[in-house]
Amino acid sequence: MPKRILDAGVIAREKLAEGIFGLLLEAEPIAAEAAAGQFVSLYSAQADRLLPRPISLCGIDRERGTIRLVYRVAGAGTKEFSELLPGEKVRVMGPLGNGFPLKGSRPVLIGGGIGIPPMLELAKAFGGRAAAVLGYRSERFLETEFECVSRVYTATEDGSFGTRGTVLDAIRQEKVSGDVLYACGPLPMLRAVKEYAIRENLPCYVSMEERMACGIGACLACVCRTTETDAHSNVRNRRICKDGPVFEAREVEL
Amino acid sequence: MNTEVTIAGVTLKNPVMTASGTFGSGEEYSAFYDLGCLGAVVTKGVALTPWEGNPTPRIAETHSGMMNAIGLQNPGIELFCSRDIPFLKRFDTKIIVNVCGKSLEEYVEVVRRLAGEPVDLLEINISCPNVKVGGIAFGQDPKAAEAVTRAVKDAARQPVIMKLSPNVTDIAEMARAVEAGGADAISLINTLTGMKIDIDRQCFALANRTGGVSGPAIKPIAVRMVYQAAHAVSVPVIGMGGITCASDALEFILAGASAVSIGTANFFNPYAAPETIEGIRSYMEQKGVSDIRELIGAVRDRA
């Protein structure tokens, strides 16, 4: 299957929280193939901003042929995307990487900050049997949408809502249990979730993030350390864009 | 219309190849187009043993460019020979293997290992700015560059391209040094050493602190160096540095390059190489040029 690059029409944009934006894009060929946990590369219209920005899929609607991206404005490129207007076009390549494998009967989905969006499509894929544990600094986003497709437990760092503290504090306080863990979020959170998974002897899939150039596995910019020698790289490195971004937590050094 | 060019006795169907390190061994880009349209594929540098490369972050974007400090991560020559070369043999294109090493002996051993392999040309990387030993250490001293060239040439079965660093005072001197060592061709430029600082966190943008700058931002420097090198030596010159399209490629050819490589552009336009090939053909048609070789080094002063 040839890789797809297309100029996707912007259907809608939204501001979900301070610095957190959403884009709904018309991208039928991408929606047709995509799965929860995959990502797309978004290209800037400015010629001096060369590299595509990798953004995870928050929503996939095969019937309507749309994809939804929710991202944090981190620099000039993502700021440009946040200013796109309905009817404008943005160049997209995807879907890229490998999605989450759907396992277990009582999955627990753990998202921290900007790691929350990819968990929404995963929660939908589990058809209501997932528990979602969402960790925010303070301001919440996407939470009500999670409530439509999963049981939701919330943690806020400032204690403004739900459990005060981290996602793991919420898991302990609310006695959230399951038979498989999925996590996406900042590295310290992924480390803590991995430790918890090992202690509880649960399978655990983490979605990793790193600066990318090509997004397709050629440039070797976005590697992560692995516990064993990888068959492709022949060293203890795997490519997050192509071999990931989802890995079994025990396979990677966090 | 003839678009064929000859580098050290190897005829390429057109002068467009891929720059080492931006194209892996072609597998990822073969999902976009038939690699058989390319003049040649230049592989990511390969060493005697697997190298892990540098810690991340390994890249950062800059204005009209980027910086990388991958650190020559590679799977080692054995896996490369059993997997990557057979893959590339499936395509009707020439194979140029980029070779890196931490010592003169390592370069020689890799070159020896490649002697029996169906590889058309070797490109010796003496210009990587992102590894502590080897790489650029050989590419900034004319005597060392000449010595590596001679040692590699003695061991090599295939013609040898020496890839030069722009991080030198006098590129012509380096070009002459590797020619004196027996180089069959030279390629340039590798990346320019740069640094980027994150003022928010007050830290280096790259884990390696410094990285190699590439992309359109460096193109005028690259064109100038290709021009100087082409005038300093009689062996063919392969030009690269910020080429994104046919008009960029043609600048290098007019400056004296017999062939060109597309590097960073692959990252933001996977079709950059085939589009460049098509664009060169249209230019030749428009200008009534029947043979691409008429354009090599044809730049002249303004009338």
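Residues numbered from 1 in each chain as written. Chains lettered and ligands numbered in written order. Predicted model: local features only at pLDDT ≥ 70, side-chain atom pairs only at ≥ 80, totals over all residues. Heavy atoms only, no water.

Chemist: Any chance you could break down the overall build of chain B for me, citing the residues and the numbers?
Modeler: Looking only at helices and strands, chain B has nine helices and 16 strands in total. The C-alpha radius of gyration of chain B comes to 18 Å, within 12% of the 19 Å expected for a compact globule of 303 residues. Principal axes of the C-alpha set define a box for chain B whose edges measure 50 × 50 × 40 Å. Put simply, 71% of the contacts in chain B that link residues at least 6 apart link residues at least 24 apart. When the accessible surface of chain B is totalled, it reaches about 11,500 Å², and 49% of it is carbon and sulfur. Across chain B, the centroid of the 27 positively charged side chains sits 2 Å from that of the 32 negatively charged ones. (Helix = DSSP H or I, 4+ residues; strand = E, 2+ residues; numbered from the N terminus. Rg over C-alpha atoms; globule rule 2.2 N^0.38 Å. Contact = heavy atoms within 4.5 Å. Areas by Shrake-Rupley, 256 points an atom, 1.4 Å probe, with all protein chains shown as cover. Lys, Arg positive; Asp, Glu negative; His and termini not counted. Charge placed at Lys NZ, Arg CZ, Asp CG, Glu CD.)

Chemist: How would you summarise the overall build of chain A if you had to cite specific residues and measurements?
Modeler: Tallying secondary structure elements over chain A gives six helices and 15 strands in all. What you see for chain A is a C-alpha radius of gyration of 17 Å, in line with the 18 Å of a compact globule of 254 residues. Referenced to the eigenvectors of the C-alpha coordinate spread, the extents of chain A come out at roughly 50 × 45 × 30 Å. Relative to its 254 residues, chain A shows a buried fraction of 56%. Sequence-distant contacts, at least 24 apart, represent 59% of the contacts inside chain A between residues at least 6 apart. Taken as a whole, chain A presents about 10,600 Å² of accessible surface, with 48% of it coming from carbon and sulfur. Charged side chains of chain A number 33 positive and 32 negative; the gap between the two group centres comes to 3 Å. (Buried < 20%, exposed > 50% of the residue type's maximum accessible area, 1.4 Å probe, protein only.)

Chemist: I'd like a description of the packing of helix 5 (residues 171-180) of chain B against helix 6 (residues 219-232) of chain B, backed by residues and values.
Modeler: Residue and element names in this part refer to chain B. Relative to each other, helix 5 and helix 6 sit at 45°, their axes nearing to 8 Å. Classified by the interaxial angle, the pair formed by helix 5 and helix 6 is oblique. For helix 5 against helix 6, the interelement crossing comes out right-handed. Across the interface between the two elements, Ile-171, Ala-172, Ala-175, Arg-176 and Glu-179 of helix 5 pack against Met-225, Gln-228, Ala-229 and Ala-232 of helix 6. Of the residues that constitute the contact of helix 5 with helix 6, the class distribution is six nonpolar, one polar and two charged. (Axes fitted to C-alpha atoms, helices over the stretch in contact; angles between N-to-C directions. Parallel < 35°, antiparallel > 145°, perpendicular 65-115°, else oblique. Left-handed = near helix turned anticlockwise from the far one by under 90°. Nonpolar A, V, L, I, M, F, W, Y, C, P; charged D, E, K, R; others polar.)

Chemist: I'd like a description of the interface of chain A and chain B, backed by residues and values.
Modeler: Where interface size is given, it is often the accessible area lost as the parts come together that is meant. Contact with chain A, which involves 33 residues of that partner, is made by 38 residues of chain B. When the two sides are added together, the surface that chain A and chain B hide from each other amounts to roughly 2,900 Å², 57% of it contributed by carbon and sulfur. Our enumeration of links across chain A and chain B arrives at five salt bridges. Residue Glu-28 of chain B is joined to Lys-242 of chain A by a salt bridge in which the shortest nitrogen-to-oxygen separation is 4.0 Å. (Buried area = accessible area lost by both parts, 1.4 Å probe. Salt bridge = Lys/Arg side-chain N within 4 Å of Asp/Glu carboxyl O.)

Chemist: Quick rundown of unusual backbone geometry? Include the residues and the values.
Modeler: Residues Gly-244 of chain A and Pro-245 of chain A are joined by a peptide bond in cis, for which omega reads 5°. Secondary-structure assignment places Pro-245 of chain A in the loop between strand 14 (237-239) and strand 15 (246-248). A cis amide bond, omega 10°, links Leu-188 of chain B with the succeeding residue Ile-189 of chain B. Mapped onto the fold, Ile-189 of chain B is located in the loop between strand 10 (185-188) and strand 11 (192-195). Of note in this structure, Leu-220 of chain A is not a glycine but carries a positive phi near 65°. Within the fold, Leu-220 of chain A resides in the loop between strand 12 (204-207) and strand 13 (223-225). Here Gln-202 of chain B, not a glycine, exhibits a phi torsion of approximately 55°, which is positive.

Chemist: Outline the domain arrangement of chain A, listing residues and values.
Modeler: Residue and element names in this part refer to chain A. Along its sequence, chain A is organised into domain 1 (5-96), domain 2 (100-207) and domain 3 (209-254). A separation of 23 Å is found between the C-alpha centroids of domain 1 and domain 2. Domain 1 puts 15 residues into the contact, and the matching count from domain 2 is twelve residues. Counting the surface lost from both domain 1 and domain 2, the interface buries some 1,200 Å², and carbon and sulfur atoms represent 59% of this. Contact with domain 2 buries surface across domain 1, with Ala-36, Cys-58 and Arg-72 losing the most and accounting together for 36% of the total. Here domain 1 and domain 2 share one salt bridge between them. (Domains from an automatic or database assignment.)

Chemist: Give a description of the pairing of strand 10 of chain B that names residues and reports values.
Modeler: All names here are of chain B. Burial along strand 10 is two-sided: Ala-185 and Ser-187 facing one way and Ile-186 and Leu-188 facing the other are all buried. Both strand 9 (residues 160-163) and strand 10 contribute to a ladder of three bridges, which runs parallel. Considered in strand 10, the bridge of Ile-161 is made with Ala-185. Taking the sense of rotation as the criterion, the β-α-β connection linking strand 9, helix 5 and strand 10 turns out right-handed. Here strand 10 pairs with strand 15 (residues 237-240) via three bridges, running parallel. In the sheet register, Ser-187 faces strand 15, and the bridge partner there is Ile-238. (Pairing = 2+ DSSP bridges. Right-handed = clockwise from strand over helix to strand, strands pointing away.)

Chemist: Lay out a nonpolar patch on the surface with the relevant residues and their values.
Modeler: Taken together, Met-195, Ile-197, Ile-199 and Phe-204 of chain B make up a surface patch of nonpolar side chains, about 440 Å² in accessible area. Assignment of secondary structure puts Met-195 of chain B in strand 11. (Patch = residues over 30% accessible without salt bridge, like charges linked within 9 Å, V, L, I, M, F, W, Y side chains within 5 Å.)

Chemist: Give a description of the packing of aromatic side chains that names residues and reports values.
Modeler: All names here are of chain A. Considering all chains together, one arrives at ten aromatic pairs over all chains under this definition. With a centroid separation of 5.3 Å and an interplanar angle of 80°, the aromatic rings of Tyr-136 and Phe-141 are classed as edge-to-face. By relative accessible area, Phe-141 is classed as buried at 6%. Taken together, a centroid distance of 5.7 Å and an interplanar angle of 25° make the contact between Tyr-182 and Tyr-205 stacked. Here Tyr-205 lies in strand 12 and Tyr-182 lies in strand 11 (residues 180-184), a separation of 23 residues in the sequence. (Phe/Tyr/Trp six-rings, centres within 6.5 Å; stacked < 30°, edge-to-face > 60°.)

Chemist: Give me the nonpolar core: which residues, what numbers.
Modeler: Counting residues in hydrophobic clusters, the biggest one holds 147 residues, and the most contacted among them are Ile-110 of chain A together with Leu-114, Ile-124, Ile-126, Ile-186 and Leu-188 of chain B. When residues no more than four places from it in sequence are discounted, the contact partners of Leu-188 of chain B are Leu-164, Ile-171, Met-225, Val-226, Ala-229, Val-237, Ile-238, Gly-239 and Met-240 of chain B. If you look at the next biggest cluster of nonpolar residues, it comprises 27 residues, including Met-119, Tyr-136, Leu-142 and Val-180 of chain A. (Core = buried A, V, L, I, M, F, W, Y, C linked by side-chain atoms within 4.5 Å.)

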